[in-house]
Amino acid sequence: MNLIRKFLGPKSKYDKSLPYTYEARIDVLKWKGAEPMYCYCYADTICGLVEYLDINNVPPEEVDIFGIYLRKEIPLDKKYCLSEDGKWLKRPDICKSLEYQYKKTLEEQYKGHITIGKCAFDDRDREGGGPH
């Protein structure tokens, strides 16, 4: 069974109610150009993406974050990824923040982070990558 999972990838990636991946768009012109020029960072989990941004000293105000689904992308409000002092939240605090927002609003982009104590993204790699 493990060999099949390696070939097919994480089971949660086939759950169409969850994002396939998360994307951070960083305007390298820092919003000063006529049009933005983006570089992109990705991770299979929001906690992995935010951790990657934090490690690479990418300030929250320079980033837009999206959940990427099979046929759509949905922006996430960064305020649920930030501490009260405006710093990136760490795991498990970010997971709890997003799940609380999902329970409050039922907006799909916040679904799955900690449901009844279990992360829906447990089978995914948490390593971020970029810029691309």
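Below or above, wherever it landed, is the structure these notes cover. (Residues numbered from 1 in each chain as written. Predicted model: local features only at pLDDT ≥ 70, side-chain atom pairs only at ≥ 80, totals over all residues. Heavy atoms only, no water.)

1. With respect to a nonpolar patch on the surface
Phase 1 of the analysis: A surface patch of nonpolar side chains, amounting to about 250 Å² of accessible area, comprises Val 28, Leu 29 and Met 37.
Phase 2 of the analysis: Of note, Val 28 is situated in the loop between strand E1 (21-27) and strand E2 (38-43). (Patch = residues over 30% accessible without salt bridge, like charges linked within 9 Å, V, L, I, M, F, W, Y side chains within 5 Å. Areas by Shrake-Rupley, 256 points an atom, 1.4 Å probe, with all protein chains shown as cover. Salt bridge = Lys/Arg side-chain N within 4 Å of Asp/Glu carboxyl O. Helix = DSSP H or I, 4+ residues; strand = E, 2+ residues; numbered from the N terminus.)

2. Observations regarding the pattern of salt bridges
Phase 1 of the analysis: A full pass over the atoms with the stated rule returns four salt bridges.
Phase 2 of the analysis: In this structure, Arg 25 engages Glu 23 in a salt bridge whose closest nitrogen and oxygen atoms are separated by 2.6 Å.
Phase 3 of the analysis: Arg 25 gets classed as buried once you look at its relative accessible area, which sits at 14%.
Phase 4 of the analysis: By relative accessible area, Glu 23 is classed as buried at 7%.
Phase 5 of the analysis: Of the charged contacts, one joins Asp 54 and Lys 90 as a salt bridge, the two residues approaching to 2.3 Å between their closest N and O atoms. Of this pair, Asp 54 sits in helix H2 (residues 46-55) while Lys 90 sits in the loop between strand E4 (73-76) and helix H3 (93-105), placing them 36 residues apart in sequence. (Buried < 20%, exposed > 50% of the residue type's maximum accessible area, 1.4 Å probe, protein only.)

3. Observations concerning the sheet that holds E4
Phase 1 of the analysis: With antiparallel pairing, four strands are arranged side by side in an open sheet as E2-E1-E3-E4. Each of the sheet's edge strands pairs with one partner strand only, and the pair in question is E2 and E4. Geometrically, the sheet is characterised by an average inter-axis angle of 30 degrees between neighbouring strands, direction not taken into account.
Phase 2 of the analysis: Relative to E4, strand E3 (residues 63-68) runs antiparallel, the two sharing four bridges. Its bridge partner being in E4, Phe 66 is matched across the sheet by Pro 75.
Phase 3 of the analysis: The strands touched by H2 within the sheet are E1, E2, E3 and E4, with E1 carrying the most contacts at an inclination of about 30 degrees. (Pairing = 2+ DSSP bridges. Axes fitted to C-alpha atoms, helices over the stretch in contact; angles between N-to-C directions. Contact = heavy atoms within 4.5 Å.)

4. Some words on the packing of aromatic side chains
Phase 1 of the analysis: Summed over the entire model, instances satisfying the criterion amount to two aromatic pairs.
Phase 2 of the analysis: Measuring from ring centre to ring centre gives 6.1 Å for Tyr 38 and Tyr 40, while their planes differ by 45 degrees; the resulting arrangement is tilted.
Phase 3 of the analysis: With centroids separated by 6.5 Å and ring planes inclined at 20 degrees, the aromatic side chains of Tyr 40 and Tyr 42 adopt a geometry described as stacked.
Phase 4 of the analysis: Through a chain of ring-to-ring contacts, the aromatic side chains of Tyr 38, Tyr 40 and Tyr 42 assemble into a single cluster.
Phase 5 of the analysis: In this structure, Lys 72 packs its charged tip against the face of Tyr 69, placed 5.4 Å from the ring centre. (Phe/Tyr/Trp six-rings, centres within 6.5 Å; stacked < 30°, edge-to-face > 60°. Lys NZ or Arg CZ within 6 Å of the ring centre and 35° of its normal.)

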